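Structure at a glance
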Amino acid sequence: MNEDIEKAFIKNFIKKQYQERILFEFNSSKKRQHAIDRFSHDFENIINSEKIILMNSNLSILEIEKELKYKKINEFAYVISYKYTMGKFFNLKDALSYLDEEYLPVIIILSNNMALIKSETDKGSSTKMLLYNKVKSEI
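Residues numbered from 1 in each chain as written. Predicted model: local features only at pLDDT ≥ 70, side-chain atom pairs only at ≥ 80, totals over all residues. Heavy atoms only, no water.

We now examine the overall build of the protein chain. Within the protein chain, the regular secondary structure consists of six helices and six strands. Starting at the N terminus and ending at the C terminus, the protein chain contains elements arranged as α-α-α-α-β-α-β-β-α-β-β-β. For the C-alpha atoms alone, the extent of the protein chain along its principal axes is close to 35 × 35 × 25 Å. Of all intrachain contacts in the protein chain linking residues separated by at least 6 positions in sequence, the fraction that spans at least 24 positions is 57%. For the protein chain, the exposed surface amounts to about 7900 Å²; the carbon and sulfur share of it is 47%. Taking the average location of the 22 positive side-chain charges in the protein chain and that of its 20 negative ones, the two points are 3 Å from each other. (Helix = DSSP H or I, 4+ residues; strand = E, 2+ residues; numbered from the N terminus. Contact = heavy atoms within 4.5 Å. Areas by Shrake-Rupley, 256 points an atom, 1.4 Å probe, with all protein chains shown as cover. Lys, Arg positive; Asp, Glu negative; His and termini not counted. Charge placed at Lys NZ, Arg CZ, Asp CG, Glu CD.)

Next up, the structure:
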């Protein structure tokens, strides 16, 4: 678990009224899974919609990679999911591959100012969204 990265993600992309609760859930071993569950079906209520630059159930990895070329992105990404509940660092290519193959919610923190979220696959394709915070923030 990387508390600084997770805290920056919450501050930059989660609506203010949910930030404290989600931070509490991420920091609680008993509630952490519930925090990840929020990105299954309830993500539209908790994500700050002003930060969404791409969102689509048919959003492909190629489209995401194309968008990432325009932004300065780290070579490594921090992934939170059911399989990696406590968070795990991946190289970017492997993180995107994992996102494409996983059926449950996945949060990929690409930098302080960019993240990628995939909701749980339910009746067809899952929703993928690329988030970007134009205001630079420090971890």
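Proteins that are soluble and globular tend to have nonpolar side chains buried together. Phe-9, Phe-26, Phe-39, Ile-47, Ile-107 and Ile-117 are the most contacted members of the largest nonpolar core, which totals 21 residues. When residues of this core are traced back to their parent elements, those giving at least two are helix H1 (3–13), helix H2 (16–27), helix H3 (32–41), helix H4 (43–46), strand E2 (76–81), strand E4 (106–111), strand E5 (114–118) and strand E6 (128–132). Looking at which element gives the most residues to this core, the answer is H1, with four residues. With sequence-adjacent residues up to four places away left out, Ile-117 is seen in contact with Phe-9, Phe-39, Ile-47, Val-106, Ile-107, Thr-127, Lys-128, Met-129 and Leu-131. In terms of nonpolar packing, the next biggest core, distinct from the first, is built from 20 residues, Ile-64, Leu-96, Ile-108 and Leu-116 among them. (Core = buried A, V, L, I, M, F, W, Y, C linked by side-chain atoms within 4.5 Å. Buried < 20%, exposed > 50% of the residue type's maximum accessible area, 1.4 Å probe, protein only.)

All right, on to the packing of H1 against H2 then. The description of two packed helices rests on the angle between their axes and on the distance between the axes. In contact at an axis separation of 10 Å, H1 and H2 are set at 155 degrees when each is read in the N-to-C sense. As summarised for this structure, H1 and H2 are arranged roughly antiparallel, according to the angle between their axes. The handedness of the crossing between H1 and H2 is right-handed. Taking contact as the criterion, the partners of Glu-3, Glu-6, Lys-7, Ile-10 and Lys-11 in H1 are, on H2, Gln-19, Ile-22, Leu-23, Phe-26 and Asn-27. Counted by class, the contact of H1 with H2 contains four nonpolar, two polar and four charged residues. (Axes fitted to C-alpha atoms, helices over the stretch in contact; angles between N-to-C directions. Parallel < 35°, antiparallel > 145°, perpendicular 65-115°, else oblique. Left-handed = near helix turned anticlockwise from the far one by under 90°. Nonpolar A, V, L, I, M, F, W, Y, C, P; charged D, E, K, R; others polar.)

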